[in-house]
Amino acid sequence: MVTVVTKLVHYLHLSRRSGQYTMNHDHSKKIPDGASFDRSGSQDSLDELSMDDYWKELENIQETRGNNHEERVALVVKEPDEGELEEEWLKEAGLSNLFGESSGDSLESMVFLSTLTRTQKAAVEKRVETVTQTMRKRNKQHQIPDVRDIFRLQNDAKGKVCDGSEPSTVRTSENKNETHDGTKGPKFSLGTDEQKSLLEDMPSSDTDINLEISFSEQAANLKESSAGKIYIAGGGDTLLPNFRLPKDKTGTTKIGDLAPQDMKKVYSLALIELTALYDILGTEFKQQKAVKIKTKDSGLFGVPLSLLLEQDQKKVPGTKIPLIFQKLIAQIEETTLETEGLLRIPGVATRVKGLCQELEAKFYEGTFNWENVKQHDAASLLKLFIRELPQPLLTVEYLKAFQDVQNLPTRKQQLQALNLLVILLPEANRDTLKVLLEFLQRVIDHRDKNKMTLKNVAMVMAPNLFTFHGFGSKTIEQSEFVMAAGTANVMRFMIQYQKLLWTIPKFIVNQVRKQNAENPKKEKKDKAMKKLLKKMAYDREKHEKQEKTPNDTDVPQGVIRVQAPHLSKVSMAIQLTEELKAGDIVARFLSQKSGNVQTLKKEEVFLYEIGGNIGERCLDDDTYMKDLYQLNPNAEWVIKPKQS
């Protein structure tokens, strides 16, 4: 097998140099004469030697599929009708009531629209206009609003002046910082005119990722300031920029830190923001739609991720990663990650196929003998699992958008787009991708021994994530060379910057805060939460025979009351200072040991911000509490374990 591949790769070298490329398959195709492959077009130039890893992996995949005689149903991607794509987009963004019979009825949608930036509004207007025109062609009888009225509706409802051509403004001056009911509210900003000047004034470097201002607003400002000329990322690919997140005193918000109701808002905003960013940068953004096909309803390989987790959770309640996926990674790591060519050298195809069948029969029974699995076989099984998913790990909806990241002008914009795409993935896909990327980084950490650098690993893994049955042509065209290099670069970005990609941008969190502050239903929820927290504290303190239950009148200005129903000390008044951090408060509580309460370690409990203008948010230890209190003065503060 290795000899055949070596000969193939040698042949590919000769073929590329002669302007031809063929493969030993029935679908071989000759590249047109004179076709030139300018590697600079894929942003990071990739030398031929490193590209060989990609083509070798693709050849291994084709061979594996060739050995699999089972009939495989290809995924069919449905071509949407005119306006259908935009209609579906508006539904995904939570704005379906901007058209149809309920058009203009929802106050909640008006509040949502009031928080959008200039570029986000433009993205919404563009889709509403397309849907409106389509409906008029279909002679729909229900109300069809003029797109220019969409944002005027929410302004009339709120008594503000704001049209679709300008950013919505969340005032930050003292006399303009009021909520819908006239009370003083916290100061938070979105992608606004004042932020445009803030963007110009803020000291930053090319490697700083600004999370305070909308990515699409940043792109629009860059485009305007450079008179339409945008720098195209290029140069060598040995080193990627050392992108970093400047420290935010109100804390960094990671995926998993927010309550489900707020994550739903984050999803809608991320979809709109990604669309706006692609619009500004001239890249088409279209969500693909898969036609439902019959899939396996049990087993390991070729089973939908959601169904696989459902059956795994019967074995291990609460698990979020498929058990077979976890076990294969553990099996690879059990030997050593220093094995040369790990992930690149395939297992023996016939043996891998036999192991696959045996796993299907014995894995859940616990009778499978893992001692028979060689390390390269386990690596091949891991990649096979990813490829055999009925829908791609990056999802049908967003696979093309992930691929198109390579077409964005700058590396920073590519990273911003990937950040939003990760947020948009379903939870099961996102969690599995995270575990995969963390594993790949551990492999790279042993590159001195295993010879698997970031570039090598990306080259090997890209075909497994980006070449999916049912997508694209099987012929080798010039565009496939560009896509190969491009998707390998996207893979490199995901591995290199994985810690940044699971961060929710602050401007999106601020938009969620604004929506919550303006939501008339929020007040009732806050009262119910406060009542529950006080009852929990009262019950514990009564049990411990403490004299009284703390209430709001006990807390002087500049002091917050922190509840910790799971700890020995259930309640404490904390004086806010400029340097006080969330981690300091947790440490103070943990130092108070008494009673028979279960002992918890520092890494097991976190301080939460609950209510006010947020549903629930887990705080990182470096959050400066005085700054956060000023942002959300009506919040409750609770220490508790983080739910897995």
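Under the annotation held in an unreviewed UniProt entry, the protein carries the name Rho GTPase-activating protein 18 and is attributed to Taeniopygia guttata. UniProt lists a comment for the protein under the heading Subunit (unreviewed entry), and it reads "Interacts with MPHOSPH6." What UniProt states about the protein under its Subcellular location (unreviewed entry) heading is, verbatim, "Cytoplasm".

A. Looking closely at the overall build of the protein. Each helix and strand in the protein was counted, giving 24 helices and seven strands. Within the protein, residue pairs in contact and separated by at least 24 positions form 77% of the contacts whose partners lie at least 6 positions apart. Of the roughly 30700 Å² of accessible surface on the protein, a fraction of 50% belongs to carbon and sulfur atoms.

B. Representation of unusual backbone geometry within the structure. The phi angle at Leu343 is positive, at roughly 80°, despite the residue not being glycine. Its place among the elements puts Leu343 in the loop between helix H11 (323-335) and helix H12 (349-362). Its relative accessible area of 0% is what places Leu343 among the buried residues. A positive phi angle is found at Thr395, which is not glycine, with a value near 75°.

C. Examining the pattern of salt bridges more closely. This structure, assessed with the given rule, holds 26 salt bridges. Between Asp248 and Lys506 there is a salt bridge; the shortest N-O distance is 3.2 Å. Of this pair, Asp248 sits in the loop between helix H8 (215-225) and helix H9 (260-280) while Lys506 sits in helix H21 (residues 506-518); the two residues are 258 residues apart in sequence, bridging distant segments of the chain. Of the two residues, Asp248 and Lys506, neither departs from the other in class, the shared state being buried.

D. Expanded view of the confidence of the model for the protein. On average, residues of the protein score 77 in pLDDT, and 66% of them reach the 70 mark or higher. Looking at the elements of the protein, mean pLDDT is at its lowest for helix H1 (residues 2-17), recorded as 41, and at its highest for helix H16 (residues 427-444), recorded as 98. Below pLDDT 50 for its whole length, residues 157-183 participates in 59 contacts with residues either more than four positions away or in separate chains.

E. Structural detail: H11. With 13 residues, H11 ought to run about 18 Å at 1.5 Å a step, and its terminal C-alpha atoms sit 19 Å apart, in line with that. The set of residues buried in H11 consists of Leu323, Ile324, Phe325, Leu328, Ile329, Gln331 and Ile332. Buried residues along H11 sit in contact with helix H10 (305-315), H12, helix H13 (375-388) and H16.

F. A look at empty space enclosed by the protein. With the rule as written, the count across this model stands at three cavities of 30 Å³ or more. What the second largest cavity holds in volume is close to 50 Å³. What lines the second largest cavity is simply Ile209, Leu211, Leu245, Lys412, Leu415, Gln416, Asn419, Leu500 and Leu501. Counting only elements with at least two residues in the lining of the second largest cavity, the list comes to helix H15 (411-424) and helix H20 (498-501). In terms of residue count, H15 provides more of the lining of the second largest cavity than any other element does, four residues in total. Taken together, the residues of the lining of the second largest cavity break down into six nonpolar, two polar and one charged.

G. Here's a closer look at the packing of H11 against H13. Running from amino to carboxyl end, H11 crosses H13 at an angle of 155°, the nearest separation of the two axes being 9 Å. The pairing of H11 with H13 is recorded here as roughly antiparallel in orientation. In terms of crossing hand, the pair formed by H11 and H13 is left-handed. Contacts from Ile324, Phe325, Leu328, Ile329, Gln331, Ile332 and Thr335 of H11 reach H13 at Gln375, Ala378, Ala379, Leu381, Leu382, Phe385 and Ile386. In the contact of H11 with H13, the residues fall into 11 nonpolar, three polar and no charged.

H. Quick peek at the sheet that holds strand S6 (residues 614-618). In spatial order, the strands read S4-S3-S7-S5-S6; together these five strands make up an open sheet with mixed pairing. One side of each edge strand has no neighbouring strand; the edge strands of this open sheet are strand S4 (571-575) and S6. Strand-to-strand twist in this sheet, taken as the mean axis angle between neighbours without regard to direction, amounts to 25°. In this structure, strand S5 (residues 605-611) lies alongside S6, joined through four bridges in antiparallel fashion. Each residue of the ladder has a partner; that of Gly611, found in S6, is Ile614. Lying over the sheet, helix H23 (residues 582-590) contacts strand S3 (559-563), S4, S5 and strand S7 (636-641), oriented at roughly 120° with respect to S5.

I. Geometry of the nonpolar core. In terms of nonpolar packing, the biggest core is built from 121 residues, with Val124, Leu343, Leu440, Leu465, Phe466, Met491 and Met494 touching the most fellow members. Beyond its immediate sequence surroundings of up to four residues, Leu440 is in contact with Leu343, Val457, Met461, Met491 and Ile495. Grouped together as the second largest cluster of nonpolar side chains are 22 residues, Ala564, Met572, Leu590 and Leu628 included.

J. Main features of the environment of Glu284. By secondary structure assignment, the location of Glu284 is in the loop between H9 and strand S2 (289-290). The exposure class assigned to Glu284 is partly exposed, which follows from its relative accessible area of 49%. Separated by 3.3 Å, the side chains of Glu284 and Lys286 make a polar contact.

K. Representation of H13. When the terminal C-alpha atoms of H13 are compared, their 20 Å separation across 14 residues agrees well with the 20 Å that a helix rising 1.5 Å per residue should span. The element H13 is extensively covered by neighbouring structure, given that 14 of its 14 residues are classed as buried.

L. Region of interest: the side chain of Asn450. Tracing the chain through its elements places Asn450 in helix H17 (residues 447-450). Asn450 gets classed as buried once you look at its relative accessible area, which sits at 0%. One polar contact links the side chain of Asn450 to the main-chain carbonyl oxygen of Val443, over a distance of 2.8 Å. Within the local environment of Asn450, its side chain forms a polar contact with the backbone nitrogen of Met452, the two atoms lying 2.8 Å apart.

M. Representation of the packing of aromatic side chains within the structure. Under the definition given, this model contains 11 aromatic pairs. Look at Phe215 and Phe507: their rings are 5.2 Å apart centre to centre, the planes differ by 75°, and that puts the pair in the edge-to-face class. Remark: Phe507 occurs in helix H21 and Phe215 occurs in helix H8; sequence separation between them is 292 residues. Pair check on accessibility: Phe215 and Phe507 agree, each one buried. A ring pair is formed by Phe363 and Trp370, whose centres lie 6.4 Å apart and whose planes are at 85°; its orientation type is edge-to-face.

What counts and how
- Residues numbered from 1 in each chain as written.
- Predicted model: local features only at pLDDT ≥ 70, side-chain atom pairs only at ≥ 80, totals over all residues.
- Heavy atoms only, no water.
- UniProt positions renumbered as here; feature names shortened; annotations may be inferred.
- Helix = DSSP H or I, 4+ residues; strand = E, 2+ residues; numbered from the N terminus.
- Contact = heavy atoms within 4.5 Å.
- Areas by Shrake-Rupley, 256 points an atom, 1.4 Å probe, with all protein chains shown as cover.
- Buried < 20%, exposed > 50% of the residue type's maximum accessible area, 1.4 Å probe, protein only.
- Salt bridge = Lys/Arg side-chain N within 4 Å of Asp/Glu carboxyl O.
- pLDDT = per-residue confidence, 0-100.
- Expected span 1.5 Å × (residues − 1).
- 1 Å grid on protein atoms, 1.4 Å probe; cavity = no way out; pocket = protein on both sides within 12 Å on 5 of 7 lines; lining within 4 Å.
- Points joined across faces, edges and corners; volume = space filled by probe spheres on them.
- Nonpolar A, V, L, I, M, F, W, Y, C, P; charged D, E, K, R; others polar.
- Axes fitted to C-alpha atoms, helices over the stretch in contact; angles between N-to-C directions.
- Parallel < 35°, antiparallel > 145°, perpendicular 65-115°, else oblique.
- Left-handed = near helix turned anticlockwise from the far one by under 90°.
- Pairing = 2+ DSSP bridges.
- Core = buried A, V, L, I, M, F, W, Y, C linked by side-chain atoms within 4.5 Å.
- Polar contact = N/O pair within 3.5 Å; in protein donor to acceptor, adjacent residues only side chain to side chain.
- Phe/Tyr/Trp six-rings, centres within 6.5 Å; stacked < 30°, edge-to-face > 60°.

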